[in-house]
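Examining the three-dimensional arrangement
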Amino acid sequence: VIMSALYVDTVLLLMKAAFPLLFCRGGGSFVTVGAFAALSGKAEMSAYIASKSTVMRLTESLAEEVRERGVNVNAVLPTIIDTPANRGAMPDADPNGWVKPQHLAETMCFLASEAAKDIHGALIPVRGLS
C-alpha cells in the first residue's frame, strides 16, 4: 500500500492535474519514472516491482489514449541513480556505474522535447553502466 501510494497514486494525481492543461494548450509531453528492475520480477522487491510496473503500464495505456490529442506520454526506466541517499543506503556498493541524475534529466528533457513528438508510450531504459 505504501509503495502504491508513493508511486502509482502520485502519478495518477499528477496526470489528473496535468492532462486537462495539456489538452487546453493543444498538446505537450508527460514523462513518468518507471524502473528498469520492474521489467521482470525480483526477490525481495515485490511491492516496488508491482508499483513501478503499474506506472509503466499506465504510461503505455495513457499514451494510446491521449496521443490523438497531441499529448506524448513516455517513461524512463532508470537503474540505481547516483544520489546521496543511495550512496548512504549502499555504502559498500560501487556507484561508478550508477545513473547520473544529470543524464537521467537529459533523457527526460529529450522525451519532453519537440524532437520526441513521434514517440508514444516508450519505456526508455537509462542504465548507466549497471
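This section reports on the structure supplied with the text. (Residues numbered from 1 in each chain as written. Predicted model: local features only at pLDDT ≥ 70, side-chain atom pairs only at ≥ 80, totals over all residues. Heavy atoms only, no water.)

1. Brief notes about the overall build of the chain
Broken down by element type, the chain carries four helices and three strands. For 130 residues, the compact-globule estimate of 2.2 N^0.38 gives 14 Å, and the chain sits close to it at 15 Å. Principal axes of the C-alpha set define a box for the chain whose edges measure 50 × 30 × 25 Å. Each of the 130 residues in the chain was classed as buried or not, and the buried ones make up 34%. Here the contacts in the chain between residues at least 6 apart in sequence split such that 65% fall between residues at least 24 apart. With an accessible surface of roughly 7,600 Å², the chain has 61% of that area assigned to carbon and sulfur atoms. When the 11 basic and 12 acidic side-chain charges of the chain are each reduced to a single mean position, those positions are 3 Å apart. (Helix = DSSP H or I, 4+ residues; strand = E, 2+ residues; numbered from the N terminus. Rg over C-alpha atoms; globule rule 2.2 N^0.38 Å. Buried < 20%, exposed > 50% of the residue type's maximum accessible area, 1.4 Å probe, protein only. Contact = heavy atoms within 4.5 Å. Areas by Shrake-Rupley, 256 points an atom, 1.4 Å probe, with all protein chains shown as cover. Lys, Arg positive; Asp, Glu negative; His and termini not counted. Charge placed at Lys NZ, Arg CZ, Asp CG, Glu CD.)

2. With respect to the nonpolar core
If you look at the biggest cluster of nonpolar residues, it comprises 14 residues, and the most contacted ones within it are Met 15, Phe 19, Phe 30, Leu 62, Val 66, Val 71 and Val 73. Those elements that place two or more of their residues in this core are helix H1 (2-24), helix H2 (46-66) and strand S2 (71-78). Among the elements that line this core, the one with the most residues is H1, at six residues. In contact with Leu 62, not counting residues within four places along its chain, are Met 15, Phe 19 and Val 73. With eight residues, the next largest nonpolar core counts Ala 38, Ile 49, Met 56 and Leu 123 among its residues. (Core = buried A, V, L, I, M, F, W, Y, C linked by side-chain atoms within 4.5 Å.)

3. Some remarks on the layout of surface pockets
Here the largest pocket is characterised by a volume of approximately 260 Å³. Lining the largest pocket are 16 residues, with Tyr 48, Pro 78, Thr 79, Ile 80 and Ile 81 sitting closest to its centre. Residue classes in the lining of the largest pocket are distributed as 11 nonpolar, four polar and one charged. Looking at the second largest pocket, its volume works out to about 150 Å³. Lining the second largest pocket are Leu 6, Tyr 7, Thr 10, Val 11, Leu 14, Phe 30, Val 31, Thr 32, Val 33, Lys 52 and Val 55. Elements with a minimum of two residues in the lining of the second largest pocket: H1, strand S1 (28-33) and H2. Among the elements that take part in the lining of the second largest pocket, H1 stands out by supplying five residues, more than any other. (1 Å grid on protein atoms, 1.4 Å probe; cavity = no way out; pocket = protein on both sides within 12 Å on 5 of 7 lines; lining within 4 Å. Points joined across faces, edges and corners; volume = space filled by probe spheres on them. Nonpolar A, V, L, I, M, F, W, Y, C, P; charged D, E, K, R; others polar.)

4. Observations concerning the pattern of salt bridges
If you walk through the whole model with that rule in mind, you get five salt bridges. For Arg 87, the salt bridge goes to Asp 82, with nearest N and O atoms at 2.5 Å. Between Lys 117 and Glu 114 there is a salt bridge, with the nearest N and O atoms lying 3.5 Å from each other. When its relative accessible area of 46% is taken as the criterion, Lys 117 is described as partly exposed. Judged by its relative accessible area of 59%, Glu 114 is exposed. (Salt bridge = Lys/Arg side-chain N within 4 Å of Asp/Glu carboxyl O.)

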